[in-house]
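Understanding the architecture of this molecule
If you want the building blocks of each chain, they are given just below.
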Amino acid sequence: MEKFKLTAILPGTPKRIYDAWLNGKEHAAFTGGGKATASAKVKGKFTAWDGYISGTNINLKEGKKIVQTWRTTEFPDDALDSILEISLAPKAGGKTTLTLTQTNIPKGQGKNYKQGWKDCYFTPMKKYFSEKK
């Protein structure tokens, strides 16, 4: 199993980022990639990127933390779900420090997901949240 931790500074408050992450329409909009579904409830299910990613909310602390099971269609059928933890902390100027930790990734897949978070989430999120107040 593999794991990694990434940090990004995003425009927008922690509550704004949190609410958008757990809203299917906004999640799809801020990634710019495919349909997403979401839930703002513990045990609620979500999908992203036209079903490529799916999972369930495990723990939610409004405006502060999102913990989800997470997997892609590339996970082996017998692989356990990965665990995704997103921590949100306020930063000066109405910005947010987002720390993403992903654990329990099938061997050999971590490098691709690590780059994917940067390219398919953080980069478009910076643009989206700087344009949407």
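Right above here is the structure, for reference.
The notes below deal with the structure included here. What you see is a predicted model; the values in this text were computed from it and never measured.

Notes on helix α2 (residues 24–31)
For α2, the buried fraction is high: six of the eight residues fall into the buried class. Among the residues making up α2, those that are buried are Gly24, Glu26, His27, Ala28, Phe30 and Thr31. Those residues of α2 that are buried are in contact with α1 (14–21), β2 (45–48) and α3 (110–131).

Remarks on α3
Compared with the 32 Å implied by 1.5 Å per residue over 22 residues, the 31 Å span of α3 between its first and last C-alpha is a close match. In α3, a bend of some 30 degrees at Gly116 exceeds every other bend along the element. What α3 keeps buried is the set Gly110, Tyr113, Trp117, Tyr121, Phe122, Pro124, Met125, Tyr128 and Phe129.

Things to note about the layout of surface pockets
There is about 150 Å³ of room inside the largest pocket. Around the largest pocket, the lining residues are Trp49, Tyr52, Ile53, Trp70, Asn112, Tyr113, Gly116, Trp117, Cys120 and Tyr121. Looking at the lining of the largest pocket element by element, the count peaks at six residues for α3. Broken down by class, the residue content of the lining of the largest pocket amounts to eight nonpolar, two polar and no charged.

Thresholds applied
- Residues numbered from 1 in each chain as written.
- Predicted model: local features only at pLDDT ≥ 70, side-chain atom pairs only at ≥ 80, totals over all residues.
- Heavy atoms only, no water.
- Buried < 20%, exposed > 50% of the residue type's maximum accessible area, 1.4 Å probe, protein only.
- Helix = DSSP H or I, 4+ residues; strand = E, 2+ residues; numbered from the N terminus.
- Contact = heavy atoms within 4.5 Å.
- Expected span 1.5 Å × (residues − 1).
- Bend = angle between axes of the 7 residues up to and from the residue.
- 1 Å grid on protein atoms, 1.4 Å probe; cavity = no way out; pocket = protein on both sides within 12 Å on 5 of 7 lines; lining within 4 Å.
- Points joined across faces, edges and corners; volume = space filled by probe spheres on them.
- Nonpolar A, V, L, I, M, F, W, Y, C, P; charged D, E, K, R; others polar.

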